[in-house]
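# Structure at a glance
Each chain is listed here by its residues.
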Amino acid sequence: MSVLKLEHVSYRYAGTDKTILNDLNYTFEKGRVYSIVGRSGAGKTTLLSLLSGLAAPTDGKIYLEDKDINKIDKYEYRSKYVGVIFQSFNLLPKLTAMENVILSMDIAGKEYGDKKAHAMELLKKVSLGEEEASRRILKLSGGQQQRVAIARALSYNPEILLADEPTGNLDGETQAEIVKIFRQLAHEEGKCIILVTHSPEVAEASDIVYCL
Amino acid sequence: MYILRNALRSILQSKGRNILIGIIVLVIALSSCVALSIRQAAEHARENSMENLEVTAQITVNRQAMMSGQQDKESMKQAMANMEGLSIDDMKQYADNSHVKGFYYTASTSFNAGDGLEAVDTTGTADSESEDSSDKETPGQGMEGVGMPGDTVQSGQQEQKKDMGGRMGVQGDFTVTGYSSDEAMISFINGTSSIIDGSMFAENDVEMNCVVSEELAAYNQLSVGDTITLANPNNEEETYQFTISGIYKDETSSDSAGSMMSAFSAAFDSANQIYTSYANLQDVVARSEESAAVTTDGTTGVESTTALRSQENGTYTFASVDEYQVFKEETEAELGDYYTVTSADVSSYEQSLQPLENLSRYAGYFLVIILGIGGVILIVMNLFNIRERKYEIGVLAAIGMKKWKIAVQFILELLCVTFAAIIIGAGAGTAVSVPVTNQLLAQQIESTQQSRQQQTDNFGRGAGGTPEMGGTPEAGDTPDAGQSDYISQISSATDITVVLQLIGIGIILTIISGCAAVISILRYEPLRILSNRE
Ligand SMILES: Nc1ncnc2c1ncn2[C@@H]1O[C@H](COP(=O)(O)OP(=O)(O)OP(=O)(O)O)[C@@H](O)[C@H]1O
Ligand SMILES: [Mg+2]
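Residues numbered from 1 in each chain as written. Chains lettered and ligands numbered in written order. Predicted model: local features only at pLDDT ≥ 70, side-chain atom pairs only at ≥ 80, totals over all residues. Heavy atoms only, no water.

Across its full length, chain B holds 17 helices and twelve strands. Pairs at least 24 residues apart make up 82% of the contacts formed inside chain B by residues separated by at least 6 positions. Accessible surface, chain B: about 24600 Å² in total, of which carbon and sulfur atoms supply 53%. (Helix = DSSP H or I, 4+ residues; strand = E, 2+ residues; numbered from the N terminus. Contact = heavy atoms within 4.5 Å. Areas by Shrake-Rupley, 256 points an atom, 1.4 Å probe, with all protein chains shown as cover.)

The number of helices and strands found in chain A is eight helices and ten strands. Burial statistics for chain A: of 212 residues in total, 56% are counted as buried. The contacts of chain A with a sequence gap of at least 6 include a subset with a gap of at least 24, amounting to 70%. As presented, chain A carries roughly 9500 Å² of accessible surface, and 46% of it is formed by carbon and sulfur atoms. (Buried < 20%, exposed > 50% of the residue type's maximum accessible area, 1.4 Å probe, protein only.)

Residues and elements named next belong to chain B. A contiguous patch of negative charge, built from Glu 54, Asp 182, Glu 183 and Glu 203, is present on the exposed surface. One can find Asp 182 in the loop between strand S3 (174-179) and helix H8 (186-189). By relative accessible area, which is 37% here, Asp 182 ends up partly exposed. (Patch = residues over 30% accessible without salt bridge, like charges linked within 9 Å, V, L, I, M, F, W, Y side chains within 5 Å. Salt bridge = Lys/Arg side-chain N within 4 Å of Asp/Glu carboxyl O. Lys, Arg positive; Asp, Glu negative; His and termini not counted. Charge placed at Lys NZ, Arg CZ, Asp CG, Glu CD.)

Chain B puts 20 residues into the contact, and the matching count from chain A is 23 residues. Interface area, chain B with chain A, both sides summed: about 2000 Å², of which 59% is carbon and sulfur. Interface area lost by chain B to chain A is led by B:Gln13, B:Ile399 and B:Leu527, which between them contribute 30%. At the boundary of chain B and chain A, one finds four salt bridges. A:Asp106 is the partner of B:Arg5 in a salt bridge, and the nearest nitrogen-oxygen pair spans 3.7 Å. Mapped by element, the contributors of at least two residues to the side of chain B that touches chain A are helix H1 (2-13), helix H14 (390-398) and helix H17 (526-531) of chain B. Ranked by residue count, the leading element in the side of chain B that touches chain A is H14(B), at six residues. Classifying every residue of the side of chain B that touches chain A gives eleven nonpolar, three polar and six charged. (Buried area = accessible area lost by both parts, 1.4 Å probe. Nonpolar A, V, L, I, M, F, W, Y, C, P; charged D, E, K, R; others polar.)

Reference values for angles at a metal are 109.5 degrees in the four-donor tetrahedral case and 90 or 180 degrees in the six-donor octahedral case. Residue and element names in this part refer to chain A. Taken together, the protein ligands of the magnesium ion (ligand 2) are Thr 45 (OG1) and Gln 87 (OE1), with distances of 1.9 to 2.4 Å. Separated by 42 residues along the polypeptide, Thr 45 in helix H1 (residues 44-51) and Gln 87 in the loop between strand S7 (82-85) and helix H3 (97-108) bring together distant segments of the chain. Owing to a relative accessible area of 35%, Thr 45 belongs among the partly exposed residues under this scheme. (Donors = N, O, S within 2.8 Å, 3.2 Å for Na, K, Ca; no water.)

The next subject is the site of ligand 1. Residues and elements named next belong to chain A. With respect to spatial proximity, 13 residues lie near ligand 1, and among them Ile 20, Ser 40, Lys 44, Thr 45 and Thr 46 are the closest. Note that an oxygen atom of ligand 1 is positioned 3.3 Å from one of the backbone N or O atoms of Ala 42. Surface burial for ligand 1 is 64%, taken as the share of its 630 Å² of free accessible area covered by protein chains. When grouped by side-chain class, the residues that make up the shell around ligand 1 number three nonpolar, seven polar and three charged. (Near = heavy atom within 4 Å. Polar contact = N/O pair within 3.5 Å; in protein donor to acceptor, adjacent residues only side chain to side chain.)

In the predicted model, chain A carries a mean pLDDT of 91, and 100% of its residues have values of at least 70. Looking over chain A, one finds the lowest element-wise mean pLDDT in helix H2 (residues 74-81) of chain A, namely 88, and the highest in strand S4 (residues 33-37) of chain A, namely 95. (pLDDT = per-residue confidence, 0-100.)

Turning next to the side chain of B:Asp205. Residues and elements named next belong to chain B. Here Asp 205 shows up in the loop between strand S4 (193-198) and strand S5 (209-213). Buried charge Asp 205 goes without a salt bridge, the closest partner of opposite sign being Arg 287 at 10 Å. One polar contact links the side chain of Asp 205 to the main-chain amide nitrogen of Met 208, over a distance of 3.4 Å. Setting aside chain neighbours within four positions, we find Asp 205 in contact with Ser 277, Ala 279 and Asn 280.

Taken together, the side chains of A:Lys94, A:Arg136, A:Lys139 and B:Lys15 define a basic patch exposed on the protein surface. Judged by its relative accessible area of 42%, A:Lys94 is partly exposed.

Below, the discussion takes up the packing of aromatic side chains. Residue and element names in this part refer to chain B. Overall, the coordinates contain 17 aromatic pairs over all chains when judged by the stated rule. Taking the centre distance of 4.9 Å and the plane angle of 20 degrees together, the rings of Tyr 248 and Tyr 275 count as stacked. Here Tyr 248, found in strand S7 (residues 235-250), pairs with Tyr 275, found in strand S8 (residues 273-277); they are 27 residues apart in sequence, far enough to count as distant. Here Tyr 248 falls in the buried class, since its relative accessible area comes to 0%. Look at Phe 318 and Tyr 324: their rings are 5.7 Å apart centre to centre, the planes differ by 70 degrees, and that puts the pair in the edge-to-face class. Per residue, the accessibility class of Phe 318 equals that of Tyr 324, and both read buried. (Phe/Tyr/Trp six-rings, centres within 6.5 Å; stacked < 30°, edge-to-face > 60°.)

Once that is clear, we can look at the pairing of strand S12 (residues 339-342) of chain B. Residues and elements named next belong to chain B. Across the two faces of S12 the burial is the same, with Tyr 339 and Val 341 and Thr 340 and Thr 342 all buried. Inspection of the sheet shows strand S1 (residues 55-61) paired to S12 by four bridges, in the antiparallel sense. If you follow Ile 59 over to S12, its bridge partner there is Val 341. (Pairing = 2+ DSSP bridges.)

As a further point, take the pattern of salt bridges. Under the counting rule described, the total for this entry stands at 20 salt bridges over all chains. Salt-bridge contacts for B:Lys402 lead to A:Glu76; the nearest nitrogen and oxygen are separated by 3.5 Å. With B:Lys402 in the loop between H14 and helix H15 (403-459) and A:Glu76 in helix H2, the pair connects residues from two separate chains. According to the relative accessible area criterion, B:Lys402 is partly exposed, its value standing at 23%.

Even without being glycine, A:Phe89 reaches a positive phi, approximately 70 degrees. Note that A:Phe89 resides in the loop between S7 and H3.

Below, the structure written as structure tokens:
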């Protein structure tokens, strides 16, 4: 059963006449890892913006299960159902890694036994130690920031994970670890994982590949 | 909950900016606190003195209104001659007004000394001179234009001096004043006069009892129980006998108005004031009228009589200034333009509050300016603040924080900073407001006095003329109006009302400056912010 479904989706940025996405009809299901590939500027990030509700398609419809996502509360959707790993991370630079993760949990408003412990567990999962966890984002490397963004997206245990080049700044070994986590989430916990990637290894490791 | 935590964290993270906002709010709070305290002090002073105020009022002829209705001097004179003060009976009617607490009245008549009595005289006008003058002057026209202070000397009360000059008839050596009740004898109530021997005559005494001054008693070797004889200045044959029931001492016998007037006539000398009941004096005047000889001047046709005339004066008392104000409004409407209701108490009380009220008014302007400028500065600072934090807003929205929650967080940050500053400002304001108010008040009093002094220098009299000379005193002006009985000290200023007002100001400032922030937050599109990040 599809969790996200695109029907004749087209998108054009306001004030431009170039249609970036044209009549897309994709289906995303639970328990699978999807890869979206394409040249730079093809519109991969734009597609993720539509899927995360940050932008609405100019034509066509996107369904979350069987609800038009245009008609649901986008904030609720973003804070609970979908975890987004942005290409540019979008972390709060003045907060520590830990605080960034906990803030997402707070916004989702779900109950956790011990938020700190849960956040630390996630950070460890993406190979970040206690010391890095208590450092401000600005003082972390690009790859470390990317891993904080992954931990944050996972923090409230969303059904769907949207990741824009989540391994773009990572070495081969760390990339393999992260991909393993994504496969686990899909295959063992039944999540729907949608990755945008330039990496052939990542595309290889996913179940379905869409090419833009 | 996490919103509050975020807000606090955010305040700590941008200390510099928040300290700047805090300082601005602190300055606003401190100056507002002082300004509000001044206003509060003025309000308190007004209430307090109002509570202790015994309000009395009189109906007087409004000369100005009367004269302005006349074209030329002749008709003015005519109008003035026809213009009578209200009779006691008329005044009694207005006393029925439900706002009036009490009504009392006095009558004063001038007498000459009869056998065996001599007036205390420092002027040389007594006795023979005034007898002489009585032959020359037309009774009923004597001393026209020269005011008659009545018992002003003793009571310090405002009197109907201005239109009564002639009506008392020829000036004798003594002024006998009849009182309707004990309440009317203000100088004995407020303690400026006291009975030192014998006792006060009974209210409504009809036994011709009177009290005389200590000086007069000593001068004529009189004691309680003695009888004195007074004569009609118009007709020395016509005499009246009074029995001395008591001897009084007047603490203010050297009062300026009295001593000034006693240079004109012995009857104004405070020593020559004889007090009796209104009933007694009324009886004397009635008897005098019966035996009077009426003559008509052949050339002018003016009728004159030798009968004793009395100057009557009614006083209304009120429980509060408000009651007086209502009475004034209602009664003046009924009386028409030529009479006014005036209260010396209310005007001197207002006078005493004047510097503080001026100060309070300036404090009000100052407050408005401070709040206006402060408000604008805070709005501008907040707009900059929001622009700076655009990215933060975009991220929070992108990870699903609702915009109104973001706005609440920003408002909370502002509120915390504002309130911390207001608490400090109120504390400092409380500490300085009393000395600052007293300092400003002293300056205000000085400048009020200076402008009064200038008037005195320029005109030789205070604004409104000298009541003593029966000039054209402002209704209700008291002889000592120019003196410094101003409220010059306040002891407490900042109270819970001021603190509540400050909190109100804090909330309003936060809302105003926060509004700008909230509106821009609500307008931001997270995607646009994030994609325009660089
Ligand atoms: N805010 C915008 N306004 C107008 N055009 C935009 C805007 N954002 C992106 N574009 C354009 O839309 C096209 C798609 O951009 P997008 O960011 O989706 O590409 P991408 O596939 O993610 O590329 P990359 O692999 O380099 O990240 C690009 O040509 C880009 O220039
Ligand atoms: Mg992209």
